[in-house]
Amino acid sequence: MSLEIRIATSTDAFEACNVLRRSIVECCSLDHRDDPAILEAWLGNKTPQMVACWFASPTNFSLVAVEAGAVVGVGLLTRAGKLALCYLLPEAQGRGAGKALVEQLEAQAREWGIKALQLHSTASSQSFFVKQGYIEAGNVRSPYGVETIFCWKQIDPAGIASGDPKRKRFCNCNSA
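Our subject in this report is the structure included herewith. Bear in mind that the values here come from a model prediction, so they are computed numbers and not experimental data. (Residues numbered from 1 in each chain as written. Predicted model: local features only at pLDDT ≥ 70, side-chain atom pairs only at ≥ 80, totals over all residues. Heavy atoms only, no water.)

### A look at the overall build of the protein
Helix and strand content of the protein: six helices and eight strands. Secondary structure elements of the protein occur, N-terminal to C-terminal, as β-α-α-α-α-β-β-β-α-β-α-β-β-β. Sequence separation of at least 24 residues holds for 66% of the intrachain contacts in the protein that already meet a minimum separation of 6. Carbon and sulfur atoms form 55% of the exposed surface of the protein, whose accessible area is close to 8,900 Å². (Helix = DSSP H or I, 4+ residues; strand = E, 2+ residues; numbered from the N terminus. Contact = heavy atoms within 4.5 Å. Areas by Shrake-Rupley, 256 points an atom, 1.4 Å probe, with all protein chains shown as cover.)

So this is what it looks like as structure tokens:
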């Protein structure tokens, strides 16, 4: 199956919103414990209209992962150096889409001159981010009542020390 990572557009908002909502409901049950109040708060701003606004913001850099013409993942980086979104459909996990999204978001961070990235990870995604080189730096409760782990990663300011300097900015990858 071919995987494409590309810049998100407003026309991706409906499918990206579906990715966010399904990922939270189906993959983060360890975090929300199927508590309706927590789920309602967490999902409250996950609407196609809000996602389209996030994608349109000049302070954000948003990507989607696309397989067989369908959006299976979404990632968002802010100019402040926050990796704000990195979600996949449950069936897309473990096939390289998350890693590809993070790599492209980190490449954009280097382009912007960001020296370190930060994120808040739930327990459900903690091991994924640790495998990507993020360091845990303490726990924080989210506004919707979920315990999150604050993580950060130093970004190589040169941007090419550990990779091919001619690497394409976006990729078409063959997923396993």
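### Quick notes on the packing of aromatic side chains
In total, this model carries three aromatic pairs according to the counting rule given. Judged by centre distance (5.0 Å) and plane angle (75°), the ring pair of F128 and F129 falls under edge-to-face. By relative accessible area, which is 25% here, F128 ends up partly exposed. Among the aromatic residues, those joined into a cluster by ring pairs are F128, F129 and Y134. (Phe/Tyr/Trp six-rings, centres within 6.5 Å; stacked < 30°, edge-to-face > 60°. Buried < 20%, exposed > 50% of the residue type's maximum accessible area, 1.4 Å probe, protein only.)

### Remarks on the layout of surface pockets
If you add up the space inside the largest pocket, you get close to 900 Å³. Forming the walls of the largest pocket are 39 residues, and the residues nearest its centre are C86, Y87, H120, S125 and F129. Of all elements in the fold, only α1 (13-27), β4 (83-88), α5 (97-112), β5 (116-122), α6 (126-131) and β6 (135-141) reach the threshold of two or more residues within the lining of the largest pocket. At six residues, β4 tops the list of elements feeding residues into the lining of the largest pocket. For the lining of the largest pocket, the class distribution of residues is 19 nonpolar, 15 polar and five charged. (1 Å grid on protein atoms, 1.4 Å probe; cavity = no way out; pocket = protein on both sides within 12 Å on 5 of 7 lines; lining within 4 Å. Points joined across faces, edges and corners; volume = space filled by probe spheres on them. Nonpolar A, V, L, I, M, F, W, Y, C, P; charged D, E, K, R; others polar.)

### Re the environment of Q104
As for its position among the elements, Q104 is in helix α5. For Q104, a relative accessible area of 4% puts it in the buried group. It is 9.2 Å that separates the C-alpha atoms of Q104 and G75, two residues lying 29 residues apart in sequence.

### Some words on the pattern of salt bridges
Going through the model one piece at a time under the given rule, you end up with five salt bridges. A salt bridge links E67 to R95; its shortest N-O distance comes to 2.3 Å. In this pair, E67 sits in strand β2 (residues 60-67) while R95 sits in the loop between β4 and α5, placing the two residues 28 residues apart along the sequence. Residue E67 is classed as buried on the basis of its relative accessible area, which comes to 6%. On the basis of relative accessible area, R95 is assigned to the partly exposed category, the value being 29%. Between E106 and K153 there is a salt bridge; the shortest N-O distance is 3.1 Å. Here K153 lies in strand β7 (residues 147-154) and E106 lies in helix α5, a separation of 47 residues in the sequence. With respect to class, E106 is no different from K153; both count as buried. In the salt-bridge network here, residues are joined through shared partners; they are R22, E26 and E91. (Salt bridge = Lys/Arg side-chain N within 4 Å of Asp/Glu carboxyl O.)

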